Amino acid sequence: GAGVSQSPSNKVTEKGKDVELRCDPISGHTALYWYRQRLGQGLEFLIYFQGNSAPDKSGLPSDRFSAERTGESVSTLTIQRTQQEDSAVYLCASSLWGSSYEQYFGPGTRLTVT
Amino acid sequence: QKEVEQNSGPLSVPEGAIASLNCTYSDRGSQSFFWYRQYSGKSPELIMFIYSNGDKEDGRFTAQLNKASQYVSLLIRDSQPSDSATYLCAVKVSAQKLVFGQGTRLTINP
């Protein structure tokens, strides 16, 4: 079956612009996660969704970052007034709901803020 | 102290040898531990998970967990050049939240 998909694969934007990143999880996966990975670094947790509810938003770096999810499908991560330090790969993952289920990652969106 | 710590490497191992990757974590209450492999420019993929103290073997991979020492490791036997990648240790700190280490870059030399 289809895996997690993300779009766009690459995004170059000017400092101060807003960007939207999209994630399509695996069908039937109720849990969806967003991570940020800076060059040469590990994954930084941003937010996760159970269905369209976000129980844990603790990882969002600032109020410029927001995310929403429509039902148990597509999620968008929005970064307002982008800054150069926002440049990173943004990874989305999905899983079945439950602590023991594997998270499957999408290919990521590489964001470059100039 | 970071929640999950790994030596960033690079770790260089000759082909056919055993590669040993280590990870320590700070939350003594953590129960679930994962190893992900990430090839350059690709997304992470799960290779092993472990919940209980001791060893867990899957093919050439062995995960080892010592909760008393807050230490988890990954051994790769008979290392192959295709094992060259960054290996990310992840610890589940709540029902759904994983915290990742910064990763160890492993290079297998033919």
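Just so it is clear, the model here is predicted, and its values are computed rather than measured.

### A few points about the confidence of the model for chain B
In step 1: Looking at chain B, pLDDT values average 93 and 98% of them are 70 or higher.
In step 2: Predicted confidence in chain B is weakest over strand β10 (residues 98-100) of chain B, with a mean pLDDT of 89, and strongest over strand β8 (residues 71-76) of chain B, with 97.

### Observations regarding the pairing of β8 of chain B
Residues and elements named next belong to chain B.
In step 1: Looking at chain direction, strand β3 (residues 19-25) and β8 are connected through six bridges and run antiparallel. Bridge pairing links Thr24 to Tyr71 in β8.
In step 2: In terms of strand pairing, strand β7 (residues 61-66) meets β8 through six bridges, oriented antiparallel. Within β8, the residue paired with Leu65 across the bridge is Val72.
In step 3: Between the antiparallel neighbours β7 and β8 lie four residues, among them Gln70 with a positive phi of about 55°.

### Some points on the interface of chain A and chain B
In step 1: Counting from both sides, the interface comprises 24 residues of chain A and, opposite them, 15 residues of chain B.
In step 2: Buried area between chain A and chain B, summed over both chains or domains, comes out near 1500 Å², and the portion from carbon and sulfur atoms is 51%.
In step 3: Counting every contact that joins chain A to chain B gives zero salt bridges.
In step 4: Where chain A meets chain B, there are four residue pairs in polar contact (both at pLDDT 80 or more).
In step 5: Elements with a contribution of two residues or more to the side of chain A that touches chain B: β4 (31-37), β5 (44-50) and β9 (88-95) of chain A.
In step 6: Here the side of chain A that touches chain B takes four residues from β4 of chain A, the largest share from any one element.
In step 7: Of the residues contributing to the side of chain A that touches chain B, the split by class is eleven nonpolar, eleven polar and two charged.

### Some words on the pattern of salt bridges
Residues and elements named next belong to chain B.
In step 1: Counted under the stated rule, the structure contains six salt bridges over all chains.
In step 2: The salt bridge involving Arg77 is made with Glu57; its shortest N-O contact spans 3.4 Å. Taken together, the residues Arg77 in the loop between β8 and β9 (85-92) and Glu57 in strand β6 (residues 54-58) connect sequence positions 20 residues apart.
In step 3: For Glu57, a relative accessible area of 61% puts it in the exposed group.
In step 4: A salt bridge links Asp83 to Arg60; the shortest N-O distance between them is 2.9 Å.

### Regarding the state of the cysteines
In step 1: For the structure shown, the criterion picks out two disulfides over all chains.
In step 2: Across the disulfide from Cys23 of chain A sits Cys92 of chain A; the S-S distance is 1.8 Å. Given an S-S torsion of about -65°, the disulfide between Cys23 of chain A and Cys92 of chain A has left-handed geometry. With Cys23 of chain A in strand β3 (residues 19-24) and Cys92 of chain A in strand β9, this pair connects stretches of sequence that are 69 residues apart. Summarising the burial analysis for this pair, Cys23 of chain A and Cys92 of chain A share the class buried.
In step 3: Covalently, Cys23 of chain B is tied to Cys89 of chain B through a disulfide, its sulfur atoms 2.1 Å apart. On the S-S bond that ties Cys23 of chain B to Cys89 of chain B, the torsion sits near -70°, and the link is left-handed. Linking Cys23 of chain B in strand β3 with Cys89 of chain B in strand β9, this pair joins segments that are 66 residues apart in sequence. Comparing Cys23 of chain B with Cys89 of chain B shows no difference in burial state: the two are buried.

Conventions used here
Residues numbered from 1 in each chain as written. Chains lettered and ligands numbered in written order. Predicted model: local features only at pLDDT ≥ 70, side-chain atom pairs only at ≥ 80, totals over all residues. Heavy atoms only, no water. pLDDT = per-residue confidence, 0-100. Helix = DSSP H or I, 4+ residues; strand = E, 2+ residues; numbered from the N terminus. Pairing = 2+ DSSP bridges. Contact = heavy atoms within 4.5 Å. Buried area = accessible area lost by both parts, 1.4 Å probe. Salt bridge = Lys/Arg side-chain N within 4 Å of Asp/Glu carboxyl O. Polar contact = N/O pair within 3.5 Å; in protein donor to acceptor, adjacent residues only side chain to side chain. Nonpolar A, V, L, I, M, F, W, Y, C, P; charged D, E, K, R; others polar. Buried < 20%, exposed > 50% of the residue type's maximum accessible area, 1.4 Å probe, protein only. Disulfide = S-S within 2.5 Å.

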